[in-house]
Amino acid sequence: MIFSSFLSCTKDVAPQTPEQLLTAHAWKIDEIRYLQNNTPHYYKRGGTQNTESFSDEYIEFFSDKTGKYYAQDQSSASLTWGFANAEKTILQYTLQSSLPITWENLILTKGSIRYTEYYDRYGTKSLAEAIRIPK
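Below, the structure is looked at part by part. The model shown is predicted, which means the values in this text are computed figures rather than measured ones.

Thresholds, definitions, all that
- Residues numbered from 1 in each chain as written.
- Predicted model: local features only at pLDDT ≥ 70, side-chain atom pairs only at ≥ 80, totals over all residues.
- Heavy atoms only, no water.
- Salt bridge = Lys/Arg side-chain N within 4 Å of Asp/Glu carboxyl O.
- Helix = DSSP H or I, 4+ residues; strand = E, 2+ residues; numbered from the N terminus.
- Buried < 20%, exposed > 50% of the residue type's maximum accessible area, 1.4 Å probe, protein only.
- Pairing = 2+ DSSP bridges.
- 1 Å grid on protein atoms, 1.4 Å probe; cavity = no way out; pocket = protein on both sides within 12 Å on 5 of 7 lines; lining within 4 Å.
- Points joined across faces, edges and corners; volume = space filled by probe spheres on them.
- Nonpolar A, V, L, I, M, F, W, Y, C, P; charged D, E, K, R; others polar.
- Patch = residues over 30% accessible without salt bridge, like charges linked within 9 Å, V, L, I, M, F, W, Y side chains within 5 Å.
- Areas by Shrake-Rupley, 256 points an atom, 1.4 Å probe, with all protein chains shown as cover.

### Notes on the pattern of salt bridges
For the structure on display, the rule yields five salt bridges. The salt bridge partner of aspartate 30 is lysine 44, with a shortest N-O separation of 2.8 Å. Of this pair, aspartate 30 sits in strand β1 (residues 26-36) while lysine 44 sits in strand β2 (residues 39-44); the two residues are 14 residues apart in sequence, bridging distant segments of the chain. The class of lysine 44 is partly exposed, set by a relative accessible area of 28%.

### Things to note about the pairing of strand β8 (residues 113-121)
Summarising the sheet, strand β7 (residues 101-108) and β8 pair through five bridges and their orientation is antiparallel. Counterpart to tryptophan 103 in the pairing with β8 is glutamate 117. Joining the antiparallel neighbours β7 and β8 is a turn of four residues. The sheet contact formed by β8 and strand β9 (residues 124-134) spans nine bridges and is antiparallel. By the bridge assignment for β9, tyrosine 118 is matched with leucine 127. Where β8 hands over to β9, the hairpin turn is made up of two residues, of which tyrosine 122 adopts a positive phi near 55 degrees.

### Structural notes on the pairing of strand β3 (residues 58-61)
For β1 and β3, the ladder comprises three bridges, and the chain directions are antiparallel. Within the sheet, the bridge partner assigned to alanine 26 lies in β3 and is glutamate 60. Alignment of β3 against strand β4 (residues 66-70), held across four bridges, turns out to be antiparallel. Looking across to β4, one finds that tyrosine 58 is bridged to tyrosine 70. In this antiparallel pair of consecutive strands, β3 and β4, the connection spans four residues, and lysine 65 shows a positive phi of 70 degrees.

### Structural notes on the layout of surface pockets
Computed from the structure, the largest pocket encloses a volume of approximately 280 Å³. Lining of the largest pocket is provided by 19 residues; of these, Phe54, Glu57, Tyr69, Glu117 and Tyr119 occupy positions nearest its centre. Here the residues of the lining of the largest pocket are counted per class, giving twelve nonpolar, three polar and four charged.

### So, a nonpolar patch on the surface
Taken together, the side chains of Leu35, Tyr118 and Leu127 present a nonpolar region at the surface, about 260 Å² in accessible area. Structurally, tyrosine 118 is set in strand β8. The class for tyrosine 118 is partly exposed, based on a relative accessible area of 35%.

Without other data, these values stay purely geometric and don't point to any function.
Encoded structure:
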């Protein structure tokens with residue numbers, strides 16, 4: 001009788017919390033569709049049908065509930081952030097002294113953030129669906 005045994009090594013890795021996933025990377029836009037003041041806009045990284053450019057825009061969230069937003073025009077702004085519900089599917093962040101920006105239907109993974117975004121800043125109303133990927 002011949003016995004054969006195969007050993008497999010599996011590493012038990014604890015699942016990451018939403019906070020750990022969010023703060024693990026800087027996040028750049030991969031794709032965004034948005035309506036701003038009733039005008040549609042679209043951007044896909046590497047795409048040819050873009051109406052806007054977000055190639056240099058990204059956001060960083062830090063574990064101390066602060067962060068930094070880097071705009072397409074190379075300007076930046078400090079931010080504060082927090083989850084707005086116990087399930088951690090709604091995130092709100094505030095850029096310096098502006099009104100909060102809300103991400104709902106938030107799905108966080110190691111490789112992407114998917115969300116619906118809305119805000120009303122200085123009379124500019126915006127509603128978007130976006131996917132961000134690690135920078």
